[in-house]
Amino acid sequence: MGKIFISYSTKNRELAEKFIEFLLLAMGVTRENIFCTALAGTLKMGEPFVEGIRKGMAESQVVIMLITEEYLNSKFCISEAGAAWAMKKKCIPLLLVPFSKLNDTPLLGMQMGRLDDANALSHIYDELMEWGVAKKRDIAEFNKHLNRLMEYISQENRSKNQLQKTNSKEHIRFRVSDSVIAMINEMNSENSYKKNAV
């Protein structure tokens with residue numbers, strides 16, 4: 001069975017762990033056939049981690065990239081994507097960002113799917129089985145774990161959207177507060193001038 005290298009941002013560790021759980025339980029991929037630094041024991045103690053990651057990618061048949069905002073903002077993640085392309089690995093970019101965010105990355109022009117699209121993940125399962133990376137599983141079992149992953153991603157998206165709305169409101173409130181403070185300071189300055197003039 002071929003090995004899978006999971007490329008992800010360390011800021012999305014929980015997402016990587018949920019995706020690995022999906023690979024293990026829904027697709028029958030074994031733990032030994034997954035290289036991902038989110039899994040304990042992937043990198044050996046005392047080993048230079050960059051060399052360990054390079055070796056892990058070199059030994060992998062497939063590279064799955066979990067592409068989020070954090071991934072695109074990480075030079076290390078973009079380097080991993082470029083290395084996978086340069087090594088001519090079978091690449092599966094899975095997006096949680098709009099396609100337009102891929103401009104100026106080595107990912108532009110690659111065929112990809114959405115991590116939050118059940119049909120895309122079903123198609124990827126077929127490809128992984130064809131490449132000898134995943135095992136044939138019971139459809140009901142696959143769908144159960146697929147639904148769990150979709151629910152997790154949906155919940156994370158709702159939380160992120162709520163946080164963005166809150167941050168936006170806070171930003172507006174601070175801008176208004178700054179404006180009010182500036183007006184008060186200006187009024188105090190004018191009052192001080194008037195007092196001194198009298």
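Treat the numbers as computed from the prediction; the structure is a model and nothing was measured.

Caption draft 1: Representation of the overall build of the protein chain in the model. Counting secondary structure elements, the protein chain contains 6 helices and 5 strands. For the protein chain, the α and β elements follow one another from N to C terminus as β-α-β-α-β-α-α-β-β-α-α. Sequence-distant contacts in the protein chain: of pairs separated by 6 or more residues, those separated by 24 or more amount to 70%. As displayed, the protein chain has an accessible area near 12100 Å², and 54% of this comes from carbon and sulfur atoms.

Caption draft 2: Seen up close, the pairing of strand β4 (residues 90-95). Among the 6 residues in β4, 5 count as buried, and that is most of the element. With 2 bridges connecting them, β4 and strand β5 (residues 113-114) associate as parallel partners. Bridge pairing links L94 to G113 in β5.

Caption draft 3: Highlighting the nonpolar core. Judged by nonpolar contacts, the single largest core of 34 residues is most densely connected at I6, F19, I64, L66, L121 and L128. Where this core is concerned, the elements lending two or more residues are β1 (4-7), α1 (13-27), β3 (62-67), β4, α5 (118-130) and α6 (139-197). Broken down by element, the residue count for this core peaks at 8 residues, all from α1. If near-sequence neighbours (up to four positions away) are discounted, L128 is found in contact with I4, L23, M27, V62, I64, I92, V133 and A134. With 19 residues, the next largest nonpolar core counts F35, M57, L107 and M112 among its residues.

Caption draft 4: Region of the structure containing the packing of helix α2 (residues 49-58) against helix α4 (residues 75-86). Packing of α2 against α4 leaves a shortest axis separation of 11 Å and a crossing angle of 35°. Note on packing geometry: the crossing formed by α2 with α4 is right-handed. Residues F49, V50, I53 and M57 of α2 form the contact with α4, whose own contacting residues are F76, E80, A83 and A84.

Reading the values: the criteria
- Residues numbered from 1 in each chain as written.
- Predicted model: local features only at pLDDT ≥ 70, side-chain atom pairs only at ≥ 80, totals over all residues.
- Heavy atoms only, no water.
- Helix = DSSP H or I, 4+ residues; strand = E, 2+ residues; numbered from the N terminus.
- Contact = heavy atoms within 4.5 Å.
- Areas by Shrake-Rupley, 256 points an atom, 1.4 Å probe, with all protein chains shown as cover.
- Buried < 20%, exposed > 50% of the residue type's maximum accessible area, 1.4 Å probe, protein only.
- Pairing = 2+ DSSP bridges.
- Core = buried A, V, L, I, M, F, W, Y, C linked by side-chain atoms within 4.5 Å.
- Axes fitted to C-alpha atoms, helices over the stretch in contact; angles between N-to-C directions.
- Left-handed = near helix turned anticlockwise from the far one by under 90°.

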